[in-house]
Amino acid sequence: MAVHDAPRTGPLGRLFRAGFHALSALRGARAFHPNGLLLKGELHALRRDDLALPSEPVAVTVRMSKGAGLPGRVPDALGLAVRITAADGAPWDLTLTTSAGRVLPRPARAWTTGRYSSLLPYRTKGGLVWLSARAETPRHAEASLDALRRLVREGPVTYLVETVRANGHRKPCATLTLQEVDEDASRPAFDPMLNAPPGWELRPRWLTGLRERAYEGSREGR
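Calculation criteria
- Residues numbered from 1 in each chain as written.
- Predicted model: local features only at pLDDT ≥ 70, side-chain atom pairs only at ≥ 80, totals over all residues.
- Heavy atoms only, no water.
- Helix = DSSP H or I, 4+ residues; strand = E, 2+ residues; numbered from the N terminus.
- Contact = heavy atoms within 4.5 Å.
- Buried < 20%, exposed > 50% of the residue type's maximum accessible area, 1.4 Å probe, protein only.
- Pairing = 2+ DSSP bridges.
- Salt bridge = Lys/Arg side-chain N within 4 Å of Asp/Glu carboxyl O.

### A few points about the environment of Pro105
Part 1 of the argument: Among the secondary structure elements, Pro105 is positioned in strand β5 (residues 104-105).
Part 2 of the argument: Counting along the chain gives 14 residues from Pro105 to Leu119, while the straight-line C-alpha distance between them is 7.4 Å.
Part 3 of the argument: For Pro105, the residues in contact, after removing those within four places along its chain, are Thr97, Thr98, Ser99 and Leu119.

In structure tokens:
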């Protein structure tokens, strides 16, 4: 067994899986980000030199959520998950969380303030790259799902998606436009490790192994 596989298959990995299984079963929902809103949107790539995003605008499913599931407008680590359906029908999942810098989640007071980050970097041909997003829509929506629903119903909400290098250099790579609330959609289980685009690999491997065990436990607990 390779060293970087140990957290996934060893005692620590089993502990993560069991813990998230229990928490998800207790809640009857995801262990983290249990409360969210599904939305229909469009992703429009601005450039493809770092990440192989679809060259044409594509319809996407988006879930915005509160990380700890705190009620109402209480600040929380807010989540932005995007599912892209590739040409072969396979899903690509990107998940971002409001953050301090690139790697630390941070509670936010509104869906349209601060930055979202992938927290973990992707290994690409050009090196390590984080994904980041920030709202370009000037309208404000406090950190409640009702406020988010009203915001999207008032008109499209746009986020600028950027790549961020280890040295902090940012480049715009896509725009994400939230177009409408999708009340009738099924509830997809977003998983950035299981549904990574070809050639993208979240790092470091030991941490992604633990994260995947947590995702597995949460899925089974539900």
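### Side note on the pairing of strand β3 (residues 78-85)
Part 1 of the argument: Counted residue by residue, β3 has seven buried out of eight residues, so it is predominantly covered.
Part 2 of the argument: By the bridge criterion, seven bridges tie strand β2 (residues 58-66) to β3 in an arrangement that is antiparallel. Counted as the bridge partner of Val60 is Ile84 from β3.
Part 3 of the argument: Connecting the antiparallel pair β3 and strand β4 (residues 91-100) is a turn made up of five residues, with Gly89 showing a positive phi of about 90°.

### Structural notes on the pattern of salt bridges
Part 1 of the argument: For the structure on display, the rule yields nine salt bridges.
Part 2 of the argument: Note that Glu154 is salt-bridged to Arg139, the shortest N-O span being 3.5 Å. Pair noted here: Glu154 is in helix α3 (residues 145-154) and Arg139 is in the loop between β8 (127-135) and α3, with a separation of 15 residues, a long-range link.
Part 3 of the argument: We classify Glu154 as exposed; its relative accessible area is 57%.
Part 4 of the argument: Arg139 gets classed as partly exposed once you look at its relative accessible area, which sits at 27%.
Part 5 of the argument: Here Glu183 makes a salt bridge to Arg149, at a shortest N to O gap of 3.4 Å. Highlighted residues: Glu183 in the loop between β10 (170-181) and β11 (201-202) and Arg149 in helix α3, separated in sequence by 34 residues.
Part 6 of the argument: A network of salt bridges, in which partner residues are shared, links Asp146, Arg149, Arg153 and Glu183.

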